[in-house]
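# Structural overview for review
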Amino acid sequence: MWLPGLPWALALLVTAVSSGPSADPASIFADLSPAELRAVRTFLLERPELGLSPSQGGPLAKNSLFLVELLPPPKRRALRFLERGGARPPREARAVVFFGAQAEPNVTELAVGPLPRPGSYRLLPFKGRRAVPFSARPMTRLEYELLHGALVAALAPLEPLLLEATGFGFQNCSERCLTFSDIAPRGLGPGERRSWLVIQRFVEGFFLHPVGLEVLLDHRDPEPRRWAVQRLWYNGRYFGSVRELAESHARGSLTLVPLPEPPARQLFSSYEPRGRFSSGTPTDVHGAKVCEPQGRRYRLRGNRLEYGGWSLAFRLRSSAGLQLFDVRFGGERVAYELGVQEAIAFYGGHSPAAMQTKYMDAGWAMGASSYELARGVDCPETAAFLDAHHLLDADGPVRFRNALCVFELPTGVPLRRHFDSDFQGGFNFYAGLEGRALVLRTTSTVYNYDYIWDFLLYPNGVLEAKVHATGYIHATFYTPEGLRYGSRVHSHLLGNIHTHLVHYKVDLDVAGRDHLGIACTHRYHLAVTRRHENEPSSSSIYSQNDPWDPPVTFESFIRDNETIEDQDLVAWVTVGFLHVPHAEDIPNTATPGNAVGFFLRPFNFFDEDPSVASRAAVIVRPLDPPACTRLHIQRWTPGSPGPCVSPEPFTYNGTYRQL
């Protein structure tokens, strides 16, 4: 896109500003610090045999470093360190290199270490030792810049059409510019790199402002001068060339759809308030807030999080998002790893861009799309906010302020309660335990869509993984034929029907590594496989642009006919929902009703509900039954929680910049 100018788990990242990991055992899973990211980049750029150039600028046909992130240690080595006092595993980085300046361009992954002072690298082969085709690489800022330039040049003959129909253009525009959203996969078969581009007016919420023109541009060749428009679609009609469409407009044979002038205020795609609620209850004052009147009840140290019986390590992978390691309750490990693998959205539509859209968000580095969380909106004011650092398509680490947050949340419902009636108008006792959960949260804004990733830790040993979908719908230009594939959500806008699917990896270690399982990618709600080091993830950053022959194929994980009895197992969980867009998705899809997830619940793992260890319970017993006029109230917390107001005003930064 071009813009002008299974039972227990959770993951989260914080990158310390130190040059290396701390002494805490959890730090073996900590994401790379800015100093470590720089060290890896410097080391690789100084290797003459790699011939690396800076990521920004220059030609596409170059060797460049695309991604650097933590390469987690092998499980056996990590467990020897965590459980048996073995040596700390060497700290390594995963580096993704685009080799475009050679006869057979490809993408290669390297393991670089040891950190913090790398001295060597080795190849990281995929299962089956396949090379990644250069055409499968993710898009870069450089390619988008070149794509925009090629599109502007190619559509110059259509400028009169665009100005007449939209009042906006590409040529020498200032405030009334057109932009585009690109569609993936980029073609219909392996090796192709042809993108349908949806042309839009660049106004606030431009995703909801398609102008009716879609352009297929072939950009496979590393030389942009050989890129070419192959086909166009305007208002339901296909055209074989820019010239054909321009001539149709010049002859007057084109059915032009003039779009109304966008208003200066209260644009339908904006967040500006408009209208009034019928009840007249106030919305211009602050509502209910989360508070911690007597301080935090959780402990956050580096990338280790502790809460009640819970203890875990967390990180935020640039490639795919939140990941947990060494998840324990009551000191006993229940999961070695849990993390997001992929988020997919399959669309239907009448226009070529809509019918082609099958987004696989790991291919857009959804973990590195973790922009700033707003205090008091995205997370409570009392939350602990954490920065993230990514080195993705950049020439140095980029700091993402307040990319993650941790907070304790009143659930609004008791964890458990009972009123024991005496059936004579009184009671024998009442007992209840307030509902609380610790939330770890981040977001992924993958262009139009925003995913809110939550992991909730409950005092009774239950873990919930949840994702909310919000942001702008992926919409196309309205035509009557399009109503077979969605809803008309505004005058010239079609909300296209689509299915969201999210995939998680859950490496359970309940009562040891050997456990009996019952025999996703996105074909299965649940699949259980034997754990292998060469099957670390069910997807990859390359699947989006080469879904026909991807280097990681989940089907191969489950089609190898391996026994899973008494083996170290991994559960792969798929959750999702069908989204039929409607007018109420304007301006954005709302979170209620658009969330999915799963629970990891203990089953005969404990002798009783472990939340009995909480001191937040209340017991009330009458001293004079059945009159019940005098009560004995038992509490193990202070009688009053105290003041519950934060005096700090709302602040926000929103920047993410290279360090």
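Residues numbered from 1 in each chain as written. Predicted model: local features only at pLDDT ≥ 70, side-chain atom pairs only at ≥ 80, totals over all residues. Heavy atoms only, no water.

## Thoughts on empty space enclosed by the protein
Note the threshold: Residues are called lining when one of their atoms sits within 4 Å of a cavity or pocket point, these points coming from a 1 Å grid over the protein atoms alone, where a cavity is a set in which a 1.4 Å probe fits but cannot get out and a pocket is an open set with protein on both sides within 12 Å along at least five of seven lines. Grid points are joined across faces, edges and corners, and a volume is the space filled by probe spheres set on the points. Strands are runs of DSSP state E lasting at least 2 residues, helices are runs of H or I lasting at least 4, and numbering of each runs from the N terminus. Under the grouping applied here, Gly and all other residues not named as nonpolar or charged are polar, the nonpolar ones being Ala, Val, Leu, Ile, Met, Phe, Trp, Tyr, Cys and Pro and the charged ones Asp, Glu, Lys and Arg.
Put simply, the largest cavity is a space of about 140 Å³. Tyr-359, Val-446, Tyr-447, Asn-448 and His-474 are the residues nearest the centre of the largest cavity, which is lined by 18 residues in total. The set of elements that each furnish at least two residues to the lining of the largest cavity consists of β6 (178-182), β15 (332-347) and β22 (449-457). Each residue belonging to the lining of the largest cavity can be placed in one class, and the counts come to twelve nonpolar, four polar and two charged. By volume, the second largest cavity amounts to about 110 Å³. As for the second largest cavity, its lining consists of 14 residues, and the residues nearest its centre are Leu-60, Lys-62, Ser-64, Phe-98 and Thr-140. When contributions to the lining of the second largest cavity are tallied by element, the ones reaching two or more residues are β1 (63-71) and α3 (141-154). In terms of residue count, β1 provides more of the lining of the second largest cavity than any other element does, three residues in total.

## Section: helix α1 (residues 34-45)
Using the following cut-off: To estimate how far a helix should reach, multiply one less than its number of residues by 1.5 Å. Burial status follows relative accessibility: with a 1.4 Å probe on protein chains alone, a residue under 20% of its type maximum counts as buried, one over 50% as exposed, and anything between as partly exposed. In what follows, a contact means two residues having at least one pair of non-hydrogen atoms within 4.5 Å.
Under the 1.5 Å per step criterion, the end-to-end length of α1 is 16 Å for twelve residues, consistent within 8% with the ideal 16 Å. Every buried residue of α1 is accounted for by Pro-34, Glu-36, Leu-37, Val-40, Arg-41, Phe-43 and Leu-44. Lining the buried residues of α1 we find β1, β2 (92-99), β3 (106-113), β4 (120-123) and β17 (384-392).

## Thoughts on the sheet that holds strand β26 (residues 493-496)
In a beta sheet, neighbouring strands pair by backbone hydrogen bonds and run either parallel or antiparallel. What counts is decided by this rule: Whether two strands pair comes down to DSSP finding at least two bridges between them. Angles here are taken between N-to-C directions and fall from 0 to 180 degrees, while the axes themselves are lines fitted to C-alpha atoms, restricted in helices to the stretch in contact.
Strands sit in the order β24-β26-β25 across an open sheet of three strands; the sheet is antiparallel. Looking at which strands have only one partner, the edges of the open sheet turn out to be β24 (475-477) and β25 (486-490). Averaged over neighbouring strand pairs, the angle between their axes works out to 40° when direction is ignored. Bridge count between β25 and β26: four bridges; the pairing is antiparallel. Directly across from Arg-488, in β26, lies its bridge partner Leu-494.

## Re unusual backbone geometry
With omega at -10°, the peptide bond leading from Gly-113 into Pro-114 counts as cis. With respect to the element layout, Pro-114 can be found in the loop between β3 and β4. Residue Pro-587 is reached from Ile-586 by a cis peptide bond, and omega for that bond is 0°. Following the sequence through the fold, Pro-587 ends up in the loop between β29 (569-579) and β30 (595-600).

## Focus: the state of the cysteines
Put plainly, a disulfide is one covalent bond tying together the sulfur atoms of two cysteines. The line we're drawing: The rule for a disulfide is simple: a pair of cysteine sulfur atoms within 2.5 Å.
Within the structure shown, the criterion is met by two disulfides. Disulfide pairing places Cys-173 opposite Cys-177 at an S-S distance of 2.0 Å. One quick way to see it: the torsion about the S-S bond of Cys-173 and Cys-177 is about 105°, and its sign makes the bridge right-handed. With relative accessibility at 8%, the residue Cys-177 sits in the buried group. With a sulfur-sulfur separation of 2.1 Å, Cys-379 is cross-linked through a disulfide to Cys-405. Between Cys-379 and Cys-405 the disulfide shows an S-S torsion of about -80°. By sign, it is left-handed. Placement of Cys-379 in the loop between β16 (358-360) and β17 and of Cys-405 in strand β18 (residues 398-410) is noted, with a sequence separation of 26 residues between them. Accessibility classification places Cys-379 together with Cys-405 in one group, the buried group.

## Comments concerning the pattern of salt bridges
We count it as follows: Salt bridges are defined by distance alone: a side-chain nitrogen of Lys or Arg within 4 Å of a carboxyl oxygen of Asp or Glu.
All told, the structure shown has 39 salt bridges when counted by the stated rule. As a salt-bridge pair, Lys-75 and Asp-507 come within 3.2 Å of each other at their nearest N and O atoms. Of this pair, Lys-75 sits in helix α2 (residues 75-84) while Asp-507 is found in strand β27 (residues 498-508), placing the two residues 432 residues apart along the sequence. Each member of the pair, Lys-75 as well as Asp-507, carries the same accessibility label: buried. Of the charged contacts, one joins Asp-509 and Lys-75 as a salt bridge, the two residues approaching to 3.1 Å between their closest N and O atoms. Taken together, the positions of Asp-509 in the loop between β27 and β28 (526-530) and Lys-75 in helix α2 put the pair 434 residues apart, joining distant regions of the chain. A relative accessible area of 2% means that Lys-75 is categorised as buried.

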